[in-house]
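Per-entry structural report
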Amino acid sequence: MKRVFSGIQPSGIPHLGNYLGAIRNWVTLQEEHECIFCLVDLHAITVWQDPKELQEHTLQQTAVLLAAGIDPQRHILFNQSAVSAHARLAWIFNCVSRLGWLNRMTQFKDKAGKNRENHSAGLYVYPNLMAADILTYKATLVPVGDDQKQHIELANDIAQKFNHDYGTDFFPQIEPFTPPAARVMSLRDGTKKMSKSDPSEQSRIDLTDDADTIAQKVRRAKTDSDPLPSETEGLAERPEARNLVGLYAAVSSTPPEQVLAEFGGQGFGTFKSALADRLSTTIGPIADETRRLLDDRSHLLSVLRNGADRARAIAEPIVTEAEQLVGFLR
Ligand code: AQP
């Protein structure tokens, strides 16, 4: 049985991109694997987080994950900072990873933009911490959206270099697991990924949105003025239309070809209202259950604490051995 590790930043309310790119697959992976799900608060503070909001978002995300079907009894759900092994291994990896490797990371370039000098050092070494998160548990299967594949390749480079430098085969290679609906784009700009930190709430659908909010966001989603094409080739130069068709396909588990067979030749009006209905059917039950769970914060906290205890029991011996390989006296 493979050990799965996956993380999500408590930097806001999870959105449809997080759901289709990650959370939905986590729920399925639980059937066949041992899973460790982590609210990566150490990653979240690589950009400024208001402390009160960080706490709030951590609890909200816990509620969303439970509502979406994560089972904290059979698997592990916890927040990263509660298990110090992540930070210890990340420091070792900061010393194994090369600047040249980090310079190639497109997510840093996207997030830092032109104002690179002003970003935190943490944002730059974020992929080293991500490698540590996974290898702290020697996990070998990591479900990620398309945007994170490059970070998994880097994690494998780090594991290989560590093994080479210290003459060991201690760390395994990691396999990314990328789902078909791997990248959901912003509703305001089909060339940018849907993101929690986008200042425009209209750019994303949160997993706590109700049916009216979903309908309004979909209605306002940017589109062009042409009708939908009948073939997927017709979407090539139309990023917004492609995104909406991809969303419809993902939430109704049908291929985009079939979506276009049904809606091709029509304007966006009918299509958007059908899409909003599909999205509400998917998200509505998660949003309702999240609200119910948020009424009992002490239960959410105890889920996280229990998860952290169990995560620590796996992590401690692995990271202690890595420290000994490096030559640290214990
Ligand atoms: N738009 C997306 N489409 C598909 N998958 C996505 N993921 C994130 N955005 C999309 C996947 O969700 C998992 C958790 O992501 P994260 O919250 O840890 O980090 P992120 O990728 O940086 O997500 P955001 O929303 O863009 O967060 P902020 O704005 O805080 O940086 C990952 O598996 C990711 O692939």
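Cut-offs used in this document
Residues numbered from 1 in each chain as written. Predicted model: local features only at pLDDT ≥ 70, side-chain atom pairs only at ≥ 80, totals over all residues. Heavy atoms only, no water. Helix = DSSP H or I, 4+ residues; strand = E, 2+ residues; numbered from the N terminus. Rg over C-alpha atoms; globule rule 2.2 N^0.38 Å. Contact = heavy atoms within 4.5 Å. Lys, Arg positive; Asp, Glu negative; His and termini not counted. Charge placed at Lys NZ, Arg CZ, Asp CG, Glu CD. Near = heavy atom within 4 Å. Polar contact = N/O pair within 3.5 Å; in protein donor to acceptor, adjacent residues only side chain to side chain. Areas by Shrake-Rupley, 256 points an atom, 1.4 Å probe, with all protein chains shown as cover. Nonpolar A, V, L, I, M, F, W, Y, C, P; charged D, E, K, R; others polar. 1 Å grid on protein atoms, 1.4 Å probe; cavity = no way out; pocket = protein on both sides within 12 Å on 5 of 7 lines; lining within 4 Å. Points joined across faces, edges and corners; volume = space filled by probe spheres on them. Expected span 1.5 Å × (residues − 1). Buried < 20%, exposed > 50% of the residue type's maximum accessible area, 1.4 Å probe, protein only. Arc of directions from axis to C-beta. Phe/Tyr/Trp six-rings, centres within 6.5 Å; stacked < 30°, edge-to-face > 60°. Lys NZ or Arg CZ within 6 Å of the ring centre and 35° of its normal. Domains from an automatic or database assignment. Buried area = accessible area lost by both parts, 1.4 Å probe. Salt bridge = Lys/Arg side-chain N within 4 Å of Asp/Glu carboxyl O.

Comments concerning the overall build of the protein chain
- If you tally the helices and strands in the protein chain, you get 13 helices and five strands.
- For 330 residues, the compact-globule formula gives about 20 Å, and the C-alpha radius of gyration of the protein chain, at 21 Å, lands near that figure.
- With respect to the principal axes defined by its C-alpha atoms, the protein chain has extents near 70 × 45 × 40 Å.
- Long-range contacts, defined as pairs at least 24 residues apart, comprise 76% of the intrachain contacts of the protein chain with a sequence gap of at least 6.
- Taken as two groups, the 36 positive and 42 negative side-chain charges of the protein chain have centres that lie 4 Å from each other.

Concerning the site of the ligand
- The full set close to the ligand counts 22 residues, and S11, K111, K193, K196 and S197 are the nearest of them.
- At 2.6 Å, a side-chain N or O of K193 approaches an oxygen atom of the ligand.
- Between the ligand and the protein, one listed contact pairs an oxygen atom with a side-chain N or O atom of S197 at 2.5 Å.
- When the free accessible area of the ligand is taken as 640 Å², the share hidden by the protein chains comes to 97%.
- Breaking the shell around the ligand down by element, the ones donating at least two residues are β1 (3–8) and α1 (16–29).
- By residue number, the principal contributor to the shell around the ligand is α1, which donates four residues.
- Residues that form the shell around the ligand fall into these classes: six nonpolar, eleven polar and five charged.

Overview of empty space enclosed by the protein
- According to the stated counting rule, one finds one cavity of 30 Å³ or more in the structure shown.
- When its volume is computed, the largest cavity comes out at roughly 50 Å³.
- For the lining of the largest cavity, the secondary structure elements donating two or more residues are α6 (106–112) and α7 (121–135).
- Split by residue class, the lining of the largest cavity holds five nonpolar, two polar and one charged.

Topic: helix α4 (residues 85–96)
- Between the first and last C-alpha of α4 there are 17 Å, a value that for twelve residues agrees with the 16 Å anticipated at 1.5 Å per step.
- Within α4, burial applies to A85, H86, L89, A90, I92, F93 and V96. The arc that holds the buried residues of α4, viewed along the axis, is 165°, so those residues lie on one side.

A word on the packing of aromatic side chains
- Counting across every chain of the model gives twelve aromatic pairs.
- Aromatic pair Y248 and F271: ring centres 5.6 Å apart, planes at 35°, arrangement tilted. A residue pair is termed long-range when its members are at least 10 positions apart, and Y248 in helix α10 (residues 239–252) and F271 in helix α12 (residues 268–293) qualify at 23 residues. Each member of the pair Y248 and F271 is classed as buried.
- Every member of this aromatic cluster is reached through a ring pair, and the members are F93, F162, Y166, F170 and F171.
- Between K138 and the ring centre of F170, over which it is positioned, the NZ or CZ distance is 3.7 Å.

Some thoughts on the environment of P317
- For P317, the location among the structural elements is in helix α13 (residues 297–326).
- The spacing of P317 and A85 is 232 residues in sequence and 9.5 Å in space, taken between C-alpha atoms.

Re the domain arrangement of the protein chain
- In terms of domains, the protein chain is made up of domain 1 (3–182 + 296–326) and domain 2 (201–292).
- Once you take the C-alpha centre of each, domain 1 and domain 2 turn out to be 29 Å apart.
- Facing 15 residues of domain 1, the contacting portion of domain 2 comprises 15 residues.
- Carbon and sulfur atoms supply 77% of the area buried between domain 1 and domain 2, which totals about 1,200 Å² over both sides.
- Summed over the shared surface of domain 1 and domain 2, the number is zero salt bridges.
- Counting across the domain 1 and domain 2 interface gives three residue pairs in polar contact (both at pLDDT 80 or more).

Quick look at the pattern of salt bridges
- Inspection of the entire model under this criterion finds 17 salt bridges.
- In this structure, D309 engages R312 in a salt bridge whose closest nitrogen and oxygen atoms are separated by 2.9 Å. With a gap of three residues between them, D309 and R312 both fall in helix α13, about one helical turn apart.
- Salt bridges here are not isolated pairs; linked through shared partners, they connect R88, E316, E323 and R330.

A word on unusual backbone geometry
- Despite not being glycine, K138 shows a phi value in the positive range, around 50°.
- With respect to the helices and strands, K138 occurs in the loop between α7 and β4 (141–143).
- Located in the positive-phi region is S253, a residue other than glycine, with phi close to 50°.
- The topology assignment puts S253 in the loop between α10 and α11 (256–263).
- S253 sits in the exposed class, given a relative accessible area of 65%.

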